[in-house]
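Observations on chain architecture
Residue strings, one per chain:
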Amino acid sequence: MLNLTIKGFLENSFLDWPGRIASVIFLPGCNFRCYYCHNWPLVAYPASVPTIPLEQIFKRLDKFRYKRSGVAVGGVVVSGGEPTLHPQLPELLGELKMRGLATKLDTNGSKPDVLCRLVHQGLLDFVALDIKAPLEPEAYADVAGCPVDVRSIRKSLDLLLSDGIDYELRTTLTPAILGQDRLQRLLEQIRGAKRWTLQNYRIPPGIGKSGNQRSTLDRRRSTNRCAPAVPIGKLIPLELKRSFLSPYPASTLERIKRLAANYVKECRIAA
Ligand code: SF4
């Protein structure tokens, strides 16, 4: 009997799986602490988020399967938090497959062995893998808010680059941490990838913009097309870090996208 704790369900999303209408299931808990996380309660305070019974979700999924001309439907995204931390993830994906639903996994790539098993068991149709920074311990820790074994992320990346599964790599552009040098190195490391999706940094819900640090960064950015990478992960407490960063302008994203054309087959900017 599947006994998974589900903490969120979105019946109908146009954004989470390119080219599909998909439902999204959110699993709690994560081994990273990214300062820009938009699912912070799921990550840090999962007990405070109501649990949704799995049977209720399956009922809604069975009802929801319908077709609209020109749009592939019938997909479910399993997101989080970090879904690969849940031992019953394969069973959940198996149940979805048995219902004739295509499956997509959103993952931070920290569990390559789990990812490898899911791919080779045919439980996934699409993987969205976060590449948060160049695969270097310091850069990754700055974004993830904790030490990360970047060799694990590399293994997950290599799996997708070499396997036949459909995938996208995703990077949230964090102005103060992912400066031009780091972005350049990241692009070298994902060279040849099928698709790289850029997500602009958005200030997480409930976090205000204030403080001299923010205006300092704004001034830096106004004189640099791409903000310099500064090792703020070690210096500034999480709440403050969250408070002073503001997104890149659209023109910077377009410039990065043009640069990416030299490295990856397709680059898109997420809506
Ligand atoms: S890996 Fe994803 S879910 Fe986990 S803290 Fe980072 S952004 Fe949030």
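All residue numbers refer to positions counted from 1 along the written sequence of the respective chain. Where local features are concerned, this predicted model is filtered to residues with pLDDT of at least 70; where side-chain atom pairs are given and counted, the filter is 80 or more; whole-chain, interface and lining totals use all residues.

**Focus on the overall build of the protein**
For the purposes of this entry, the term helix denotes a DSSP run of H or I that reaches at least four residues, the term strand denotes a run of E that reaches at least two, and both are numbered from the N terminus. From N to C terminus, the protein includes ten helices and eight strands. To sort residues by burial, count the other C-beta atoms lying within 10 Å of each one's C-beta; a count of 20 or more means buried, 12 or fewer means exposed, and anything in between means partly exposed. C-beta atoms are built from the backbone. The buried share of the protein, taken over its 271 residues, is 37%. By the criterion used throughout, residues are in contact when their C-beta atoms, derived from the backbone, lie within 7 Å. In the protein, of all internal contacts separated by at least 6 residues, the share reaching a separation of at least 24 is 75%.

**Brief notes about the site of the ligand**
Only the C-beta atom, placed from the backbone, is used; a residue is near a molecule or strand if that atom lies within 6 Å of it. As a structural note, the neighbourhood of the ligand is formed by C30, F32, R33, C34, C37, N39, V43, G80, G81, E82 and N108. Throughout, the ten residues Ala, Val, Leu, Ile, Met, Phe, Trp, Tyr, Cys and Pro are labelled nonpolar, Asp, Glu, Lys and Arg are labelled charged, and all others, Gly among them, are labelled polar. Residues that form the shell around the ligand fall into these classes: five nonpolar, four polar and two charged.

**Topic: the confidence of the model for the protein**
A residue's pLDDT is the confidence the predictor assigns to it, expressed on a 0 to 100 scale. Considering every residue of the protein, the mean pLDDT works out to 84; 81% of them sit at 70 or more. Counting interchain partners and residues more than four positions distant, the pLDDT-below-50 stretch residues 208–235 has 48 contacts.

**Some words on unusual backbone geometry**
The omega torsion across G80 and G81 is 15°, close enough to zero to call that bond cis. Positionally, G81 belongs in the loop between β3 (72–79) and α3 (89–98).

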